[in-house]
Amino acid sequence: MVTFGEMISIADGHLGEVRKAILHPDLVGQASHPATATELAGLIGVLIRYADRVTSGFGIPDDRAAGIRRAARRSSQNLRKAQQSLRVPTGSPDRGPELAQAIRATSVSLGCGLDLLASHFATAPQRPSTNATVISAADTGRSLLQLLSDYAKTAAHVAQHASPQAFPPLAKAAFTAHLNGRETGPTPVSAVPLLRVPDRIAPRVGEDLHEALEGITRSVQRLNSTPTNGSVTTSRYLARAATITCHINDRLLCQLSRRMSELDQEHIAGDLLHAAATTRRLSRRWRTVARQWLSLTSQFRDPRNGAAEDASDLIVRLGRLIHVDPDWLPHPRWTFRLIEPEQLAPSRAEAALIGLAALKSAEACNHIANDHRAAVNDIAVLSALQSPPSPNSRPRPSAEILQLLQRYEDIQSVGAGAVLRLGEAMSPLMSESPQIAAERGLIVRRTAQRLTTSDDFPAPIADVLATPRSASRPQTQQPPNSKGRTIH
């Protein structure tokens, strides 16, 4: 699936062609062609769209980005002045010289990148995606301003020869954006894909590593993209599924830790053990919630489709990564033998891919926890209807319902810490692949952004990324015995 970073790479390639054309001996002739002014106006229009999106924060502005929004507004005003001052010919000129064609290709790919980001900000009755807060965050705004500055500078060079009166406002727009932009590192949203719910890929016996990882990614995307719609039965099933998922992740991380020790990567091995310990505690919390759901809703059957089906697919594929049997299923009578660390991750590359799968599934569990309130409200209503009415008092949630809510809030906190800790532990391995590093960074930023926007966690995002919010590290941790039982 195409990502924003890939679209910008394409646009950068076309921008490189524009810069080459600027150095061409025939620059004056190409720049004065009517098609060049037309395409330059189109490129400036795309830059105006970027500036306007940053100005509005994509509809959900970050309170800490007021200065960035002001800079984007000033850049937008100057870009509009430049566009209005261009001498754009009427009619439909031909495709024009190479310069005009390169500008057109730059505009199209750059505009597609913005449309990709905008797809995450849905209109009613849909809600924004999990990436929306990262896209609208202050650091993303700085990156987009720097991107705008780079393209506006090149447009200003073309304008010097195509329409000189457009040069001053273009240069001002580029300079304003540059002063408030950020040059270091890739944009935080480089790994954001076009928002769509991918088709389900049912697990099958004999999948290789890459097929299994693609299936895990699909299941996670579907879980993160579709709400549970307040279904009591689905929420009960998902709590049990999250328990098993965290349990499998614990085993995966312990085996990866053993493999890192075999490869003399002791620092990574230790960090993975600490991440596994946090995941283990999270699994125990989910198990408590799952048991409470069972006591509240034992009369309901388990759902067979939707989010429950995606969670089931995720469990099956994660389990088959770590267990010996290729057709493993989460059943108490199934094998509990784990594959050897060398078979799990022959090299650091496979370890990074498996770590990314664990990170994605951990975030999916957090999404389940974040999406629980509607179902808890429904079960509270059912509980109230089953209780005898009291003439002198209002119906109030039972102590058991309030306890369930508190446990979910605890899971949200511990789950966020588990994602941040695992992301930190896997960073040295994932940094060797730009694509994997970008995906890791996006997951970590999504999690950190939720923490910084919550009422009980008002810390700056940079502080969250530097110091993961989780329980203190245990003194010693050992990998689980391969003869342990599978949770069911």
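Treat the numbers as computed from the prediction; the structure is a model and nothing was measured.

Looking at this structure, how should I read the overall build of the protein chain?
The number of helices and strands found in the protein chain is 18 helices and 0 strands. Across the 488 residues of the protein chain, 51% fall into the buried class. Of all intrachain contacts in the protein chain linking residues separated by at least 6 positions in sequence, the fraction that spans at least 24 positions is 83%. Taken as a whole, the protein chain presents about 22400 Å² of accessible surface, with 52% of it coming from carbon and sulfur.

Before we go on, may I ask you to explain the pattern of salt bridges in this structure?
Note on pairing: side chains with opposite charge can pair once their charged atoms come close. The tally for this structure, following the rule as stated, stands at 18 salt bridges. One salt bridge in this structure joins arginine 222 and aspartate 310, with 2.7 Å as the shortest N-O distance. Here arginine 222 is found in helix α9 (residues 209–225), whereas its partner aspartate 310 is found in helix α12 (residues 307–322), with 88 residues between them in sequence. Each member of the pair, arginine 222 together with aspartate 310, is buried. Among the ionic pairs, arginine 446 bridges to glutamate 363, the shortest N-O distance being 2.6 Å. Taken together, the positions of arginine 446 in helix α17 (residues 434–453) and glutamate 363 in helix α14 (residues 348–370) put the pair 83 residues apart, joining distant regions of the chain. Residue classification places arginine 446 among the buried residues on the basis of a relative accessible area of 9%.

What is the right way to read empty space enclosed by the protein from this model?
Over the atoms rolls a probe the size of a water molecule, and in doing so it shows where empty space is left. Enumeration over the complete set of coordinates arrives at 5 cavities of 30 Å³ or more. Each pocket or cavity is described by its volume, and for the largest cavity that value is around 70 Å³. Taken together, 14 residues make up the lining of the largest cavity; nearest its centre are Val54, Gly57, Ser136, Ala137 and Gly141. If you list the elements that add at least two residues to the lining of the largest cavity, you get α4 (66–85) and α7 (138–162). Element by element, the count of residues in the lining of the largest cavity is highest for α7, at 3 residues. Of the residues in the lining of the largest cavity, the class split is 9 nonpolar, 3 polar and 2 charged. Taken as a whole, the second largest cavity holds about 50 Å³ of empty space.

Help me out: how do you make sense of the nonpolar core in this one?
A general tendency of soluble globular proteins is for nonpolar side chains to be buried together. Core analysis: the biggest nonpolar cluster contains 75 residues, and Leu272, Trp286, Trp293 and Tyr408 have the highest contact counts within it. Going through the elements one at a time, α9, α10 (232–262), α11 (266–296), α12, α14, α15 (373–386), α16 (399–430) and α17 are the ones with two or more residues in this core. Counting residues in hydrophobic clusters, the runner-up holds 60 residues, among them Leu47, Ile48, Leu114 and Ala162.

Please explain the packing of aromatic side chains as it appears in this structure.
Aromatic ring pairs are described here by two measures, namely the spacing of the ring centres and the angle between the planes. Counting across every chain of the model gives 2 aromatic pairs. On the basis of an interplanar angle of 20° and a centroid distance of 5.1 Å, the ring pair of phenylalanine 58 and phenylalanine 121 is categorised as stacked. In this pair, phenylalanine 58 sits in the loop between α3 (34–56) and α4 while phenylalanine 121 sits in the loop between α5 (98–118) and α6 (132–135), placing the two residues 63 residues apart along the sequence. Here phenylalanine 58 falls in the buried class, since its relative accessible area comes to 5%. With a centroid separation of 5.9 Å and 85° between ring planes, the pair formed by tryptophan 286 and tyrosine 408 is classed as edge-to-face.

Is there a simple way to think about the state of the cysteines in this case?
Two cysteines whose sulfur atoms are joined by a covalent bond form what is called a disulfide. Inspection of the entire model under this criterion finds 0 disulfides. Sulfur of cysteine 365: no disulfide; nearest cysteine sulfur belongs to cysteine 246 and is 4.1 Å away.

Just to check I follow, could you spell out the side chain of aspartate 310 for this structure?
With a relative accessible area of 2%, aspartate 310 lands in the buried category. Look past the residues within four positions of aspartate 310 in its chain and what remains in contact with it is Arg200, Ser219, Arg222 and Leu223.

Criteria and cut-off values
Residues numbered from 1 in each chain as written. Predicted model: local features only at pLDDT ≥ 70, side-chain atom pairs only at ≥ 80, totals over all residues. Heavy atoms only, no water. Helix = DSSP H or I, 4+ residues; strand = E, 2+ residues; numbered from the N terminus. Buried < 20%, exposed > 50% of the residue type's maximum accessible area, 1.4 Å probe, protein only. Contact = heavy atoms within 4.5 Å. Areas by Shrake-Rupley, 256 points an atom, 1.4 Å probe, with all protein chains shown as cover. Salt bridge = Lys/Arg side-chain N within 4 Å of Asp/Glu carboxyl O. 1 Å grid on protein atoms, 1.4 Å probe; cavity = no way out; pocket = protein on both sides within 12 Å on 5 of 7 lines; lining within 4 Å. Points joined across faces, edges and corners; volume = space filled by probe spheres on them. Nonpolar A, V, L, I, M, F, W, Y, C, P; charged D, E, K, R; others polar. Core = buried A, V, L, I, M, F, W, Y, C linked by side-chain atoms within 4.5 Å. Phe/Tyr/Trp six-rings, centres within 6.5 Å; stacked < 30°, edge-to-face > 60°. Disulfide = S-S within 2.5 Å.

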